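Single-letter residue listing:
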Amino acid sequence: MKAVGLKLLRVDAREKVTGAAKFTEDIRLAGMLYAVAVRPKYPHALIKRIDVQPAYEVPGVVRVATASDVPGINAIGAFFPDQPVLAKDKVRHLGDAVALVAAETSEAARKGAARVIVEYEELPGIFSPLDAIKEGAILIHEDGKYGNRGNILEERNYSQGDVEKGFQQADVIIENVYEINYQEHAFLEPEGALAIPEEDGSLTIYGSIQCPYYVRKGVSDALKLPMNRVRIIQAAIGGGFGGKEDVPTEVCARAGLLALLTGRPVLKKRTREESMIMHTKRHPMIIRNKLGATKDGKIVACDVDIISDQGAYASVGTVVMKRAVIHACGAYEIPNTKIRSRLVYTNNILTGAFRGFGAPQVTAAMESQMDELARALNMDPVELRKKNAVHKGSVTATGQKLANCGDGLLKTIEKATDACNWKERRKEHALFNKRQEEINSPYRKGLGISSIMYGVALGKGALDAATSIVNISEDGSATGITGGTEMGQGARTVLSQILAEALGVPVDMVRVLPADTALTQNSGPSVASRVTPVCGEAMRLAALEARKGLINWALEKLKKEDPSIDYAETIIEGTHTYIAGFGSDGVQKAPKIEWSKACYEYFKSGGLMSGVGHVNIKCEDTPESKEQYYTYSFATHIIEVMVDIETGRTKPLNIWAANDVGRAINPMGVEGQIEGGTVQGMGYGLFEDLITKEGKILNPDFTNYIIPTTMDVPNIYPIIVEDLYPGGPYGAKGLGEPSLIPTPAA
Ligand code: MTE
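Residues numbered from 1 in each chain as written. Predicted model: local features only at pLDDT ≥ 70, side-chain atom pairs only at ≥ 80, totals over all residues. Heavy atoms only, no water.

Participant: I'd like to hear about the packing of aromatic side chains, residue by residue, with values.
Facilitator: The full count for this structure, using the stated rule, is 5 aromatic pairs. On the basis of an interplanar angle of 50° and a centroid distance of 5.8 Å, the ring pair of W553 and Y602 is categorised as tilted. Of this pair, W553 sits in helix α15 (residues 531-561) while Y602 sits in helix α16 (residues 595-604); the two residues are 49 residues apart in sequence, bridging distant segments of the chain. On the basis of relative accessibility, which here comes to 11%, the residue Y602 falls in the buried class. With a centroid separation of 5.9 Å and an interplanar angle of 20°, the aromatic rings of W656 and Y717 are classed as stacked. Highlighted residues: W656 in strand β25 (residues 650-660) and Y717 in strand β28 (residues 715-721), separated in sequence by 61 residues. For W656, a relative accessible area of 4% translates into the label buried. When the ring centre of F187 is taken as reference, the NZ or CZ atom of K244 above it lies at 4.2 Å. A cation over a ring is seen here: K445 above F432, with NZ or CZ 4.7 Å from the ring centre. (Phe/Tyr/Trp six-rings, centres within 6.5 Å; stacked < 30°, edge-to-face > 60°. Helix = DSSP H or I, 4+ residues; strand = E, 2+ residues; numbered from the N terminus. Buried < 20%, exposed > 50% of the residue type's maximum accessible area, 1.4 Å probe, protein only. Lys NZ or Arg CZ within 6 Å of the ring centre and 35° of its normal.)

Participant: I'd like to hear about the nonpolar core, residue by residue, with values.
Facilitator: Among the nonpolar cores identified, the biggest contains 46 residues, and I472, L499, L503, L550, I579 and W595 are the most heavily contacted of them. Elements represented by at least two residues in this core include exactly β17 (464-472), α14 (491-503), β19 (510-512), α15, α16 and β23 (610-617). A total of 14 residues in this core trace back to one element, the largest contributor, which is α15. In this view, W595 contacts I472, G476, L503, V505, M509, L550, T570, T577, Y578 and I579; residues no more than four positions away in its chain are not counted. Counting 43 residues, the second largest nonpolar core, distinct from the first, contains M321, A328, A397 and Y684. (Core = buried A, V, L, I, M, F, W, Y, C linked by side-chain atoms within 4.5 Å. Contact = heavy atoms within 4.5 Å.)

Participant: Got a sec to walk through the pattern of salt bridges? Specific residues and values, please.
Facilitator: On inspection of all chains with the given rule, the structure shows 42 salt bridges. Salt-bridge contacts for R492 lead to E15; the nearest nitrogen and oxygen are separated by 3.8 Å. With R492 in helix α14 and E15 in helix α1 (residues 13-18), this pair connects stretches of sequence that are 477 residues apart. (Salt bridge = Lys/Arg side-chain N within 4 Å of Asp/Glu carboxyl O.)

Participant: How would you explain the site of the ligand if you had to name every residue and give the values?
Facilitator: Around the ligand sit 17 residues in total, of which G240, F241, M487, V531 and Q673 are the nearest. Between R355 and the ligand, the recorded distance is 3.3 Å, taken from a side-chain N or O atom to a nitrogen atom. Here an oxygen atom of the ligand sits 3.1 Å away from a polar atom, N or O, in the side chain of Q489. For the ligand, the protein covers 92% of the area, taking 530 Å² as the surface of the free molecule. Of the residues that constitute the shell around the ligand, the class distribution is 5 nonpolar, 9 polar and 3 charged. (Near = heavy atom within 4 Å. Polar contact = N/O pair within 3.5 Å; in protein donor to acceptor, adjacent residues only side chain to side chain. Areas by Shrake-Rupley, 256 points an atom, 1.4 Å probe, with all protein chains shown as cover. Nonpolar A, V, L, I, M, F, W, Y, C, P; charged D, E, K, R; others polar.)

Here is the structure:
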């Protein structure tokens, strides 16, 4: 391999660490205005009257917009358009926007927003999903409007085998209810968008955006512009983690509206507090899990019931719940399963996409159940997991026969347990704990383990297509264009490596551009850890297409020098790249042409050096098929902790994190993702606690919502397992989310 598998510094490392990278707020334009939203006083109320005039008395205020200014559909939502761009008759949570103020400075915009008078008629609010599903509960949206039944946005059921009979065969049954809280994304950069009105009536929007095509659709609908007149360009982005998946649509639509109304560029930038109040969070869940096994540790039945709080608008909650259902019974072969989920509207803050999409919550419940089961059976928790772990040819708990992935799960269990010396360490802990007890000390040590499988990319029923374009220049350098976004996970580096590998040139000869909706067709969202496997595969195909004519042209030339040459391929010698001739036995022959020279001559001959790569991955979508995802990534994380049993204070000491990633395109990036995911998961498991009361977040800041800092991070040992996936570029599959999912449970 020439580029894949190299431990490379990220291509955007220098611009990020020197501060040269331009985040949305760094882009300044002459005549730019600043926008601030007017937020409601109550989480649930009718809007009786809005008086915008007082805002215009603030010097610098240029324009105040309300719902009546929205030219198109005043409703956004990736799947259900239930969220108003600007609330018209009713507000449903404290993060709604009732009006927008554009002013010469952000201070003037804030002062103006404070002067807008809104008269409300307060309505009773619903702040618990359990109250929301009660008979006669007040409705948050009109019944049936978004497929909802009362306040239940979606109920999803799954079953296989006969769960009652399964429990009859069980010698041990463990049943518990787990209540799992919200998680805030805590990205470095709050949401932002800069909308620029162009002379031809179109809009260009730069933003902190994870899914530019969602944004383009939402803005186009809301502002009544054809899609080719809405150009979304990704600025440098300070993290997304799912929180910038659909949320930027509202930010961009609001900035875009003011830009059209004023004819001036408008920056809409949220403060940290606004961001925390307004953007979607990880879904809190109430999970009842009943698990049954025979006395030799074979799991025979699992029954899971999940209730989750969607907040006021649907966001991508139904997809989160789909994943929660598919992953609810863990990574185990279980013949009898029953899973029910209910996703419920309330007047609470919104919930939506977050790294792992519902899997971390159900995993926390399931893996806790596994440990209780191991204890009840007097079995080592590792042995229990190994005994039930899925492997190639297994049927999963939702009926899918695993074909496109092998034994990644068992390999991660083995590698993680070997690395931490599981058995010996447990013995040491037993001795340590005994000594502590004898001396009356409250400290104890312990090991936690959690194993997962995670469906890569969008899966059954979703359009999972992506397009990439590669242009080779006449000097031999090349540009890659893709719809997949860089959000800190290292996508541009990985895509550069795939592009370089497929072309057969060093990585420093290629450049991958930030996503821009004007340059590629809709390539789907950058979610579900799909950028590497899906956009990456499209990039590989585009590169092969771009160089096809060139390589054939070179082959003809080389054959003239040595007719025994069978094929041509690039070679790298020191700092030089050549196209060389090879015999059918794979042995290199003498003739070769310098790559850059070949590019120049082929270009001068009128050759085509551009390629389009397109993939459209499909699950078998027949009613009988149980295929949910084409492949799965696997992981096992083990955490050693010290616990003060009097205060409950838990300090992680060491984390061994084994992740099966298919091919590690950039092993250094993989390690970075494992470390970052593990820390974000550790925060969720140990400290992060979003406190809400009657729809209001009581700690919308990082003084009171505690996320891990470098001081909290223990030794993390990333372990890379490569169980190749034939459908991914060079065997790669998704990693970005599975690096987080097992950690909170462990
Ligand atoms: N890592 C960083 N540093 N910043 C991010 O925003 N997003 C995560 C994960 N890792 C994220 C991250 C999420 S939500 C996803 S879906 C994956 O990266 C996307 O990466 P991939 O599709 O390139 O694997």
